[in-house]
Structure formats: C-alpha cells, structure tokens
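So the chains spell out like this:
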Amino acid sequence: KKASADEVRRAFDRDVVPVLGADRKAKEIEADDIRGVIAEIVKRGHLTYANRVRGYVSAAFNHGLQYDQSPTRLSATQFGLKYNPTATVPKALKSEPVGDRDLSRSEIRALWRALTTDASCTFGPASALKLMLATGLRVKEVVEAKWSEVDLKEARWELPKARTKAGRAHVVPLNKVAVSLLRRLH
C-alpha cells in the first residue's frame, strides 16, 4: 500500500522482467543478471533511475530472504534464496545529485500567471498546483484532500497521519491565497 507501489510495478514491467524473464525463479538469478538489468538502464543515460531500480530489486530479494528465513515460518522455503544477488552490484551513481534549486520569485509568478491565463491549464490541475505553491504541501496530500480536513474559518488544513509522508498528523496554517483558492474550489 505504499505510494510508490505503482512506480515500482512499472519499473519491473518495463526494465526488470524484459531482461530477467517472467518465468525465472528468484534462486536462479545471479549478480550478472542484475548487472544486465542496470546496464540497460545506464545505456539510456538514466543513472538515478538505475539506482532506484537496483533498490527495488534488492528490496524484493531481501523480502524473499527474510520470508524464507523467518523463524515463525517452519514450512519449506518458498524462494530458495541463499543470498541477495543485488548486493555485489554497485550503484550506477555512487552519490546522487541533491535537488537544491528553488524556483525564483519571478519563476513562481510566471508559473502562477500561466496557470491562471493559459487555456490549456484545466481548472483542477491548475488549482492543485496553485495550492501546492500556496501551502507547501505535496502532490498526493493536495489531490487526495478531503473537505473534512479543511477549516476555512480558522484558516487551517489538518492532514491526518495516514495521509502524510512522515506518518504524523500535520496542521497547515492557510494564508489568504490558499483560503481564497479553497473557497473557489468548494
């Protein structure tokens, strides 16, 4: 039920299964096979994505290892893994570039203006982007919002812990722009 589940599924369908095959057993896969998966992504020039896919594959093998080795499961092993073949395959990028660039005031104004005046910007997506700019909330927090979380009179938006990345309830004070946007949406 993780937010990234769809992304992981797409990565497996697009980049892992075509190289490893859909019918191979986990215990048959070796480090060279994993290296082949990552190499295909690197050839396309997507080094950060290659690291992500490597992480997904590693997590899958770790799950299989933990499942088979669990002391609470005394039945026969299911995956037959002895080790994680991803462990010896290095990352495509040793250190990934940190995204540290913020939009300038003029870039924010230009984006806001485009969201307001460009006919190709439909009401829903444009409003969601404006709310993200006005509140600092994440995409999923905005697009999955419920009116019961918003108190326009008190100018606050209370996200329950189930809807935040950190797993903690979060109260967002709403500025005049956010309140105005939310009133128009409501």
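Here, every reference points to the structure presented above.
Residues numbered from 1 in each chain as written. Predicted model: local features only at pLDDT ≥ 70, side-chain atom pairs only at ≥ 80, totals over all residues. Heavy atoms only, no water.

Asker: Quick rundown of the nonpolar core? Include the residues and the values.
Answerer: In terms of nonpolar packing, the biggest core is built from 18 residues, with Val16, Ile34, Val53 and Val57 touching the most fellow members. Counting only elements with at least two residues in this core, the list comes to α1 (5-20), α2 (31-43) and α3 (47-69). Ranked by the residues each element gives to this core, the list is headed by α3, at six residues. Look past the residues within four positions of Val53 in its chain and what remains in contact with it is Ala11, Val16, Val37, Ile38 and Ile41. Counting residues in each nonpolar core, the second largest holds 16 residues, with Leu131, Met132, Trp157 and Ala178 among its members. (Core = buried A, V, L, I, M, F, W, Y, C linked by side-chain atoms within 4.5 Å. Buried < 20%, exposed > 50% of the residue type's maximum accessible area, 1.4 Å probe, protein only. Helix = DSSP H or I, 4+ residues; strand = E, 2+ residues; numbered from the N terminus. Contact = heavy atoms within 4.5 Å.)

Asker: So what about the layout of surface pockets? Which residues, and what values?
Answerer: What the largest pocket holds in volume is close to 450 Å³. For the largest pocket, the lining is made up of 20 residues, of which Phe12, Val16, Ala26, Ile29 and Ala60 are closest to its centre. Of all elements in the fold, only α1 and α3 reach the threshold of two or more residues within the lining of the largest pocket. The greatest single-element share of the lining of the largest pocket, amounting to seven residues, is contributed by α1. In terms of residue class, the lining of the largest pocket is made up of 13 nonpolar, three polar and four charged. Its volume calculated, the second largest pocket comes out at about 290 Å³. In this structure, the second largest pocket is lined by Ala3, Arg138, Lys140, Glu141, Glu144, Lys146, Ala162, Arg163, Thr164 and Lys165. Taken together, the residues of the lining of the second largest pocket break down into two nonpolar, one polar and seven charged. (1 Å grid on protein atoms, 1.4 Å probe; cavity = no way out; pocket = protein on both sides within 12 Å on 5 of 7 lines; lining within 4 Å. Points joined across faces, edges and corners; volume = space filled by probe spheres on them. Nonpolar A, V, L, I, M, F, W, Y, C, P; charged D, E, K, R; others polar.)

Asker: Could you give an account of helix α5 (residues 123-135), naming the residues involved and the relevant values?
Answerer: Compared with an ideal rise of 1.5 Å per residue, which puts 13 residues at 18 Å, α5 spans 18 Å between its outermost C-alpha atoms and is within 8% of the ideal. Where α5 is buried, its residues touch α4 (105-117), α6 (139-143), β2 (156-159), β3 (170-173) and α7 (176-185). Directly after α5, the chain includes Gly136, whose backbone phi takes a positive value near 80 degrees. (Expected span 1.5 Å × (residues − 1).)

Asker: Account for the packing of α4 against α5, naming residues and giving values.
Answerer: α5 packs onto α4 with a crossing angle of 155 degrees between their chain directions and a minimal axis gap of 9 Å. As the angle between them shows, α4 and α5 are arranged roughly antiparallel. Two packed elements cross with a definite hand, and for α4 against α5 that hand is left-handed. Side by side, α4 and α5 meet where Leu111, Trp112, Leu115 and Thr116 of the first sit next to Ala126, Leu129, Lys130 and Leu133 of the second. When its residues are assigned to classes, the contact of α4 with α5 shows six nonpolar, one polar and one charged. (Axes fitted to C-alpha atoms, helices over the stretch in contact; angles between N-to-C directions. Parallel < 35°, antiparallel > 145°, perpendicular 65-115°, else oblique. Left-handed = near helix turned anticlockwise from the far one by under 90°.)

Asker: How would you explain the packing of α1 against α3 if you had to name every residue and give the values?
Answerer: The description of two packed helices rests on the angle between their axes and on the distance between the axes. With their axes 10 Å apart at the nearest point, α1 and α3 run at an angle of 100 degrees to one another. If you check the angle between α1 and α3, you find them roughly perpendicular. Facing α1, whose interface residues are Glu7, Val8, Ala11, Phe12, Asp15 and Val16, α3 presents Tyr49, Val53, Tyr56, Val57 and Ala60. Class assignment of the residues belonging to the contact of α1 with α3 gives a composition of nine nonpolar, no polar and two charged.

Asker: Would you mind going over the pairing of β2 in detail, with residue names and values included?
Answerer: Residues Trp157 and Leu159 point to one face of β2 and are all buried, whereas Arg156 and Glu158, pointing to the other face, are not buried. Note: strand β1 (residues 150-151) against β2, two bridges, orientation antiparallel. Bridging across to β2, Val150 finds its partner in Trp157. Linking β1 back to β2 in an antiparallel pair, the connection comprises four residues, with Ala155 at a positive phi of about 55 degrees. (Pairing = 2+ DSSP bridges.)

Asker: Explain the environment of Leu181 to me, using residue names and the numbers behind them.
Answerer: Following the sequence through the fold, Leu181 ends up in helix α7. Residue Leu181 is classed as buried on the basis of its relative accessible area of 4%. Here the alpha-carbon distance between Leu181 and Arg138, two residues 43 residues apart in the chain, equals 16 Å. Once residues within four sequence positions are removed from consideration, Leu181 is found in contact with Trp112, Lys130, Leu131 and Ala134.

Interpretation in functional terms is not warranted from these geometric data alone.
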